[in-house]
Amino acid sequence: MSVKLWKGNEAIAEAAVRAGCKAFFGYPITPQSEVPEYLSKRLPQAGGVFVQAESEVSAINMVYGAAASGVRAMTSTSGPGFSLKQEGISYMCGAQLPAVIVDVMRAGPNLGTIGPSQSDYFQATRGGGHGDYRTVVLAPCSIQETVDLMQEAFDIADQYRNPVILLADGMIGQMMEPIEWHDIPKRELPEKTWATDGHDNKVPHRTISAVFGDNYVCEEVLNKPLAAKYRLIAANEVRYEEKDTADAEVILVAYGTMSRVSERACEILREQGLAAANKKSGRVAAEGAVESYIHMGGKIGVLVEINCETDFVANTDNFKNFANAVAKHVALANLVPHGHVGVEIGGVFRLVGRIVELRHAAQVVGVAERERTGAQERLLLAQVEHLLQQL
């Protein structure tokens, strides 16, 4: 197939149509508004239904109703809108209804800003509403990966009867990249014998509910089966990519666009003599792939995100300097393995790298790093000074 230039949000919408989405319910909010804008025209052409709801709360409950009838349904939102949908998402997880929710993240609490962020990570991967539920979370790093995962998301939702969240930062939604439309392999999916689809009394009456008056019944009928399902999802669906981790002293762990920045930062660090590696979480399911870096014993782990936590801040002129800034702060962090490092760009883009103290073979790695010999420390200092001269 030919390669074409697509904007992220519009590519998300088109991928949904190609995946068989037949119903969209949403409300406009920057930086994802192009998703409903595109679908308002495209979805009816494909035989689907588009509804701009009066609020995000209404939208997610409309998705609940459509999903309950067995239709492939979705919504999209950002920041405050994602928060408003949490009660409905909890209800859908309890009722075991498949649907796709797109969150194109924006910065800051409250209304915040329309700038890109990755601040909804915990809300997405830990169940943002009540009731200790989990969703499958897909975290693409490019427009190509976004459209591929978006087309797979509906199959994943149907297979496990569970909401799936496509978690993209504002850069994914707003930037343009060349992509190629692939035929995504289809999964063998069970028939939706649970759907309330109007069977005209040809089969026994079906109901969908997650309301239990008895604690024991709730535990046995709902919570234990859900927990088993989440373990199955974690075993089958977590994916990540590793690059140069075998000999690395420092491993950068990132998802989304920050994984691309981290990959370049690792290249810069290796050019300067510090063995660094990148671990990209392409998919975060159930418990989340990011935490898996702790099993790489003997390494220092640095989480690279766009969010609002910073300890010492370095201003840079533009996004092109991001990788250099990450490399500089990782090098500095290697000297203070219990500290926090961050970089801020233009007052909007913020990156935090948490230096995580990992325990391996009954030894605290951070302490071991601090107690390097004088010769090793002098070598590292020279590397940092050289990095600073390059920036």
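Each remark here, short or long, concerns the structure printed above.
The rules behind each value
Residues numbered from 1 in each chain as written. Predicted model: local features only at pLDDT ≥ 70, side-chain atom pairs only at ≥ 80, totals over all residues. Heavy atoms only, no water. Buried < 20%, exposed > 50% of the residue type's maximum accessible area, 1.4 Å probe, protein only. Helix = DSSP H or I, 4+ residues; strand = E, 2+ residues; numbered from the N terminus. Pairing = 2+ DSSP bridges. Contact = heavy atoms within 4.5 Å. 1 Å grid on protein atoms, 1.4 Å probe; cavity = no way out; pocket = protein on both sides within 12 Å on 5 of 7 lines; lining within 4 Å. Points joined across faces, edges and corners; volume = space filled by probe spheres on them. Nonpolar A, V, L, I, M, F, W, Y, C, P; charged D, E, K, R; others polar.

### Structural notes on the pairing of strand β4 (residues 73-77)
The buried count for β4 comes to 5 of 5 residues, which makes it a mostly enclosed element. The alternating pattern of β4 places Ala73, Thr75 and Thr77 and Met74 and Ser76 on opposite faces, both of which are buried. Relative to β4, strand β2 (residues 23-26) runs parallel, the two sharing 2 bridges. Opposite Ala23, over in β4, you have Ala73 as the bridge partner. Strand direction decides the pairing type here: β4 and strand β5 (residues 99-107), joined by 4 bridges, are parallel. By the bridge assignment for β5, Thr77 is matched with Asp103.

### Section: the environment of Ala99
Within the secondary structure layout, Ala99 lies in strand β5. Given a relative accessible area of 2%, Ala99 falls into the buried group. Along the backbone, Ala99 and Asp155 are 56 residues apart, and their C-alpha atoms lie at a distance of 9.6 Å. Apart from the residues lying within four places of it in its own chain, the contact partners of Ala99 are Val63, Ala73, Met92, Ala157, Asn162, Pro163 and Val164.

### Re the layout of surface pockets
Empty space within the largest pocket amounts to approximately 460 Å³. Breaking the lining of the largest pocket down by element, the ones donating at least two residues are α5 (86-95) and α9 (215-237). Tallying contributions element by element places α9 first for the lining of the largest pocket, with 8 residues. Residue composition of the lining of the largest pocket, grouped by class: 13 nonpolar, 6 polar and 4 charged.

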